Amino acid sequence: MIIKSLKKGFSQLWQYKKIWVLLYSLTFVVAAFIAYPLKTYLENKIGTSLMIKDMIKGFDYTLYTDFMNHYGDGIAPIMNYSLLLIILFMLLFIFLMGGILSTFKNAPEKYNGKSFWSNAAHFFWRIFRMTIYFLFIHGAVLGLFFFIYLKITKGLSPMNLESEGIIFVAMKIMVPIYILFSSFFFMWHDYAKIHLVQNDNKWIFQSIIPSLKFIIKNIKNTWGLYLLNVLILMLLFIVNHFISNSFEITTGLSIFISFFISQLFLISRLGLKLVNLSSANHLFQENN
């Protein structure tokens, strides 16, 4: 069932590739609107300074501190503007979710733009409200783990610990556990959205509670499929890391290659997001 659902996910990704292109195009446009003011500011303030070449190589705390001391005042408005764009993009992605899941549910022969946008508008407010509820849930989970971490490290106070190493050891142990634990709630959110679109429920709790019952009832398949999707995503990150670090960014050609690789990585990530939703949708339909 897991492999069958995953295959269905990749099949629908290609079948409705216009949705994939739409997501990439919107992401690229938002990124361009964020990058352009920063690019213009850096050109005006730094120009052809060697600092730019150093910044391209990767993050350097000393370089970052020096840069912010000299040019930080101009960066702050750009950061606020970028944050606003990111929030708007997240709202847009929530808006598109109804169209995406409706397409996977109805499985038309090919992408239907009119139906896609109509369903996106139809489900927007309910999916938006559901997202707010799950943000509180994720916040509570993060707060719980942070509370436990503070207890273990005695308030992050080196004076109360036998060794400062406990702070870092505890973090290495807690972070993987938190990621695994919180992933369950991300999966729950996905199935709650799928349940909402499948049944067109008026009240979001009519989807939140039943979707949790569905996950628990089919925990082997739901959890297994989700972890498999996460594993594929992790492999993508690892491959991208090794490729990106296999050459130095020193010339115009290397900058272009780095940009091209980053775009392939972005496209792949968006594709895997759609595969995750489509495969989960297929699993839900097969078990209902």
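Read on for a plain summary of the structure.

What counts and what doesn't
- Residues numbered from 1 in each chain as written.
- Predicted model: local features only at pLDDT ≥ 70, side-chain atom pairs only at ≥ 80, totals over all residues.
- Heavy atoms only, no water.
- Helix = DSSP H or I, 4+ residues; strand = E, 2+ residues; numbered from the N terminus.
- Buried < 20%, exposed > 50% of the residue type's maximum accessible area, 1.4 Å probe, protein only.
- Contact = heavy atoms within 4.5 Å.
- Areas by Shrake-Rupley, 256 points an atom, 1.4 Å probe, with all protein chains shown as cover.
- 1 Å grid on protein atoms, 1.4 Å probe; cavity = no way out; pocket = protein on both sides within 12 Å on 5 of 7 lines; lining within 4 Å.
- Points joined across faces, edges and corners; volume = space filled by probe spheres on them.
- Nonpolar A, V, L, I, M, F, W, Y, C, P; charged D, E, K, R; others polar.
- Polar contact = N/O pair within 3.5 Å; in protein donor to acceptor, adjacent residues only side chain to side chain.
- Phe/Tyr/Trp six-rings, centres within 6.5 Å; stacked < 30°, edge-to-face > 60°.
- Salt bridge = Lys/Arg side-chain N within 4 Å of Asp/Glu carboxyl O.

**Comments concerning the overall build of the protein**
A count of helices and strands for the protein gives 9 helices and 0 strands. Counting from the amino terminus, the protein carries its helices and strands in the arrangement α-α-α-α-α-α-α-α-α. The 288 residues of the protein split such that 35% are buried. Excluding contacts between residues fewer than 6 apart, the proportion of contacts in the protein whose partners are at least 24 apart in sequence is 77%. Surface accessibility of the protein: about 17,600 Å² in total, with carbon and sulfur atoms responsible for 70%.

**Things to note about the environment of His282**
Structurally, His282 is set in helix α9 (residues 252-286). Put simply, His282 and Lys4 are 278 residues apart on the chain and 8.8 Å apart in space, counted from C-alpha to C-alpha. Ignoring any residue separated from it by four or fewer positions in sequence, one finds His282 in contact with Lys4, Ser5 and Lys8.

**Considerations on the layout of surface pockets**
Roughly 1,400 Å³ of volume is contained in the largest pocket. Lining the largest pocket are 38 residues, with Phe93, Phe186, Asp190, Tyr226 and Lys273 positioned closest to its centre. With 9 residues, the top contributor of residues to the lining of the largest pocket is helix α6 (residues 165-199). For the lining of the largest pocket, the residue count by class is 26 nonpolar, 8 polar and 4 charged.

**A short note on the side chain of His195**
Topologically, His195 is positioned in helix α6. Overall, the relative accessible area of 11% leaves His195 in the buried class. Here Asn201 takes part through its side chain, which lies 3.3 Å from a polar atom of the side chain of His195. In contact with His195, other than residues within four places in its own chain, are Asp200, Asn201, Gln206, Ser207, Pro210, Ser211 and Phe284.

**Details of unusual backbone geometry**
The phi angle at Ala107 is positive, at roughly 50°, despite the residue not being glycine. Residue class for Ala107 comes out partly exposed when judged on its relative accessible area of 37%.

**Considerations on the packing of aromatic side chains**
Applying the stated criterion across every chain, the model contains 20 aromatic pairs. Ring centres 5.2 Å apart and planes at 85° place the aromatic pair Phe134 and Trp188 in the edge-to-face group. Taken together, the positions of Phe134 in helix α5 (residues 113-152) and Trp188 in helix α6 put the pair 54 residues apart, joining distant regions of the chain. A single burial state applies to Phe134 and to Trp188, both of which are buried. Relative to Phe185, the ring of Phe184 has its centre 5.6 Å away and its plane inclined at 90°; by these criteria the two rings are edge-to-face. Given the relative accessible area of 14%, Phe185 is considered buried.

**Observations regarding the pattern of salt bridges**
Applying the stated criterion to the full structure yields 3 salt bridges. The closest approach of N and O atoms between Arg126 and Asp200, which form a salt bridge, is 2.9 Å. With Arg126 in helix α5 and Asp200 in the loop between α6 and α7 (205-217), this pair connects stretches of sequence that are 74 residues apart. With a closest N to O distance of 3.5 Å, Asp190 and Lys193 form a salt bridge. Within this pair, Asp190 and its partner Lys193 are both found in helix α6, separated by 3 residues, close to a single helical turn.

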